[in-house]
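# Residue-level structural notes
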Amino acid sequence: MIYLDHNATTPVDPEVLNAMLPLLREHFANPASPHPAGQAVARLVDRARRDVAVLAGARPRDVVFTSGATEAANLAIAGVLATAPPNRRRVLVGATEHPAVLAAAQAAVELHGGRVQTVRVHPDGAIDLSHLRALLHPVPPSTAVPSTAVSPSAAGSAADPEGSGGPRGRDQADEVALVAVMAANNETGALNDPRPVAALAHEAGALFLCDVTQAFGRIPVSVTETGIDLAVASAHKMYGPKGTGALIAGRPVRARLTPLIHGGGQERGLRAGTLNTPGIVGFGAAARIAAAMMDDEAIRQRAQTDLLFDLLVGWLGADALEVNGPVEDGSARPGPVRLPNTLNLRFVGADADAVQSCLPDVAVSAGSACHGGGSEPSPVLLAMGRSATAARESLRFSVGRFTTVDQIHAAAATVARAVLRVQSLRAVGSGEVPWPAEPGEPELPAASDRPVAGWTGEVSPTPGRTPELPVPRSALP
Ligand SMILES: Cc1ncc(COP(=O)(O)O)c(C=O)c1O
Ligand code: FES
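Read on for an overview of the structure. Just so it is clear, the model here is predicted, and its values are computed rather than measured.

What counts, and at which threshold
Residues numbered from 1 in each chain as written. Chains lettered and ligands numbered in written order. Predicted model: local features only at pLDDT ≥ 70, side-chain atom pairs only at ≥ 80, totals over all residues. Heavy atoms only, no water. Buried < 20%, exposed > 50% of the residue type's maximum accessible area, 1.4 Å probe, protein only. Helix = DSSP H or I, 4+ residues; strand = E, 2+ residues; numbered from the N terminus. Pairing = 2+ DSSP bridges. Axes fitted to C-alpha atoms, helices over the stretch in contact; angles between N-to-C directions. Left-handed = near helix turned anticlockwise from the far one by under 90°. Contact = heavy atoms within 4.5 Å. Nonpolar A, V, L, I, M, F, W, Y, C, P; charged D, E, K, R; others polar.

### Let's talk about the pairing of strand E10 (residues 342-347)
In terms of residue burial, E10 counts as a mostly covered element, since six of its six residues are buried. Because side chains alternate across E10, one face comprises the buried residues Thr-342, Asn-344 and Arg-346, and the other comprises Leu-343, Leu-345 and Phe-347, equally buried. In terms of strand pairing, strand E9 (residues 321-323) meets E10 through three bridges, oriented antiparallel. Its bridge partner lying in E10, Val-323 is registered against Leu-345. Inspection of the sheet shows E10 paired to strand E12 (residues 394-398) by five bridges, in the antiparallel sense. Within the sheet, the bridge partner assigned to Thr-342 lies in E12 and is Ser-398.

### Section: unusual backbone geometry
One non-glycine residue, Tyr-239, lies in the positive phi region at around 70°. Mapped onto the elements of the fold, Tyr-239 is located in the loop between strand E7 (230-234) and strand E8 (245-249). Overall, the relative accessible area of 4% leaves Tyr-239 in the buried class. Even without being a glycine, Arg-268 presents a positive backbone phi close to 50°. For Arg-268, the position within the fold is in the loop between helix H8 (251-254) and helix H9 (277-316). Note on Arg-268: relative accessible area 43%, which makes it partly exposed.

### What to know about the packing of helix H2 (residues 36-56) against H9
Their axes nearest at 8 Å, the elements H2 and H9 cross at an angle of 35°. Here H2 runs over H9; the crossing is left-handed. Between H2 and H9, the residues in contact are Val-41, Leu-44, Val-45, Arg-47, Ala-48, Asp-51, Val-52 and Leu-55 and Thr-277, Ile-280, Val-281, Phe-283, Gly-284, Ala-287, Arg-288, Ala-290, Ala-291 and Met-294, respectively. When the residues that make up the contact of H2 with H9 are grouped by side-chain class, the tally is 13 nonpolar, two polar and three charged.

This is how it looks when you write it as structure tokens:
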């Protein structure tokens, strides 16, 4: 199996596992216990908190350990809304946010009042800052009604999934409590610079939540330097264990949160329950390793995703592929614009689920893990303006720490064959190419009626393509 789905989850790094095992063996005591055994574990937890804080550019006491980014996002969003003033109940979320943020925002406004509005993204997936600005300041400043004079009921409780923000006017005058824009998108790898988002949010008196789950450990993240008020992350996206994550928030913001989980006073009262000490210590070890390896890994993984792209272009031709997400051409924006490990491609004319079912030995993803396998096109790609067809023809490749160049070569050839196979099936179904049946065989149904999953037959490739795949133009050794 060639695993190219590291944005769904990563394997546990062997060093992380080694760091965790003592917590399951001899260091099993409860870190809240005052006896020496408990305090020895408490020190390991402190170390992990420091390591996660260093990677996040935060102070150790700003790290609240949770079960993952999903819980952290729920804690952050519900916590902020629960204590927000009645005239400040709008939540702005990026159109391509993960369901952990989108659904948490929707649930929070249903519980506490207010509404969710969606901030548009550009066709390359980056947040549209001018739309964010327009949603933050719906009434021109010269005609704005002072916020204190706005009736809380004006906020309403309806969601605005269209993201239009509706007509500007009094009904928009409720203020924004929270802006949620992710650092890196899980499907396309599109990056957002948190600084301008933070500046706009703060100027409007709102807090800024940044989902750094996919960025953490892959590219530098500093919550203090960029103005992020609340960051959420998961250990299993960075070679740590599943079921551990963190909310990272400075003290003034933490003071405004209310816990979701009640019980003992763990995590300074914000997240009750005995700490998941093996998970937390694994998260700390993963953070330490990521900090040491990040630069080298970014270079290696960018080279691998570039190689994968070049090989696929070599096999299939440049017209057969479209990149979903920012393309670094050196001109558009300075600095990195896409996660180095992520490449989301549309294979024109090849349904992604069908391609995937021809790839039993390569793990890739059509859409995000929660949506993979469903027939719905990716909401992320739709939000970027892709058609439903283009979205259904898109696959995400995400390489990782243990991916090799040989695996990239093998995966590219396998994927190219699968794409050609699906394209030729489609061509047969549309009557463009005669079905290559032996005389006397029963007529086969059109490709669109045939279940492609499990299909193993051979089909002649599309005219103009030879069964022996051409040598890619830019194949590297
Ligand atoms: C961007 C992003 N945010 C949040 C999450 C949720 O993480 P978890 O399932 O570990 O809570 C994920 C996981 O897919 C993600 O990719
Ligand atoms: S948890 Fe990330 S895609 Fe579902």
